[in-house]
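Okay, here's what each chain looks like letter by letter:
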Amino acid sequence: MPADQDASWGHRTAKNQSSAKKDELFYGYKVHEAGDAYYGVPLAGIVLPANAGDGPQLPQLRAAVRRLHPWLTPQYGIGDKAYAGQERRQHLVDHGIVPIVAAPRPRKDDKGRRLYDGIYTADGRPTCLGGEPVEYLGSDLERRHRFRCPGSGCELQRKVHWSACCDYAVWEKPAGKLLRIIGILPGFTAEWQRIYRMRTAIERYFRSGKHSRLLNRRQRQGMAKVSRHVRMSRL
Ligand SMILES: [Zn+2]
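These lines cover the structure that appears in this document, whether it is placed above or below. Every value quoted in this text rests on a predicted model; they were computed, and no experiment measured them.

### Section: a nonpolar patch on the surface
There is a patch of nonpolar side chains on the surface, built from Tyr-38, Tyr-39 and Val-41 and spanning about 400 Å² of accessible area. The topology assignment puts Val-41 in strand E3 (residues 41-49). Owing to a relative accessible area of 40%, Val-41 belongs among the partly exposed residues under this scheme.

### With respect to the environment of Gly-130
Relative to the helices and strands, Gly-130 is located in the loop between strand E5 (98-101) and strand E6 (135-139). For the pair Gly-130 and Glu-155, spaced 25 residues apart in sequence, the C-alpha separation works out to 4.8 Å.

### Notes on the sheet that holds E3
Here 3 strands make up an open sheet; going across it, the order is E1-E2-E3 and the pairing antiparallel. The sheet is open, and its two edges are formed by strand E1 (8-13) and E3, each paired on a single side. Direction aside, the axes of adjacent strands within the sheet are offset by 55° on average. Sheet topology places E1 next to strand E2 (residues 23-36); 6 bridges connect them, and they run antiparallel. Each bridged residue has a counterpart across the sheet, and for Trp-9 the counterpart in E2 is Tyr-27. Against the sheet, helix H6 (residues 200-211) contacts E2 and E3, and its axis sits at roughly 125° relative to E2.

### Focus on the coordination of the zinc ion
Summarising the metal site, the zinc ion is bound by the protein donors Cys-128 (SG), Cys-149 (SG), Cys-154 (SG) and Cys-166 (SG), whose distances to it range over 2.3 to 2.4 Å. Classification of the site at the zinc ion as tetrahedral follows from its 4 donor atoms and the range of 105 to 114° in their angles at the metal. Sequence positions of the residues that donate to the zinc ion give the spacing C-x20-C-x4-C-x11-C. Of this pair, Cys-128 sits in the loop between E5 and E6 while Cys-154 sits in the loop between strand E7 (145-148) and helix H3 (155-159), and the two are 26 residues apart along the sequence. You can call Cys-128 buried: its relative accessible area is 5%. A residue is classified by how much of its surface remains accessible, and Cys-154, at 0% relative accessible area, is buried.

Here is what the cut-offs are and how they apply
Residues numbered from 1 in each chain as written. Predicted model: local features only at pLDDT ≥ 70, side-chain atom pairs only at ≥ 80, totals over all residues. Heavy atoms only, no water. Patch = residues over 30% accessible without salt bridge, like charges linked within 9 Å, V, L, I, M, F, W, Y side chains within 5 Å. Areas by Shrake-Rupley, 256 points an atom, 1.4 Å probe, with all protein chains shown as cover. Salt bridge = Lys/Arg side-chain N within 4 Å of Asp/Glu carboxyl O. Helix = DSSP H or I, 4+ residues; strand = E, 2+ residues; numbered from the N terminus. Buried < 20%, exposed > 50% of the residue type's maximum accessible area, 1.4 Å probe, protein only. Pairing = 2+ DSSP bridges. Axes fitted to C-alpha atoms, helices over the stretch in contact; angles between N-to-C directions. Contact = heavy atoms within 4.5 Å. Donors = N, O, S within 2.8 Å, 3.2 Å for Na, K, Ca; no water. Tetrahedral: all angles 85-135°; square planar, octahedral: opposite > 155°, others 65-115°.

Worth remembering: the numbers are spatial, not functional.
Take a look at the structure:
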């Protein structure tokens, strides 16, 4: 029977990156944290037993930030793949936050094709009638995205010689599934990349938490003591 009854078993990235195993098991807690990516300041966090997943904590985490910093109106919500689900993105959108969340590679179907093949490319571009990824022209005030067949022409043009391209053009509204596939700020834009890179701020916080505050060592037992250690570290 483990000494600390509040904790549980969880996975973390192996310390030794060269080892074949990517994950290692540990017994303890996990800190779910939200920070200000611009200033690199931690804002709020939740301590849970190590088996709690990251994604499901998003509503609670967002509410905690709101409660502690009611004057903050975050424009973007940056998250790694753990927050990739459509539900999490919708939660951010419902609170006026543009999700900048890493997308896992689309799943393959039983024929081995990527899930969006034929309709959307893996990076979220629709494809035209000739099967070519379309060009992104921009977005309007309602955040609808305009795409059209690349001017250089597509497969259809090579078959039908009188036209330079298939003239395919489309507006896409990033709602529902398209929130995940394309996004409010499309994942293939330089702007998306620029904002996503700011996520490293939280990694810096975690690193200093481990090195300066020894958050990765199990020195305390019980949820109350561990939570207090984490709160003091955040301060
Ligand atoms: Zn085309």
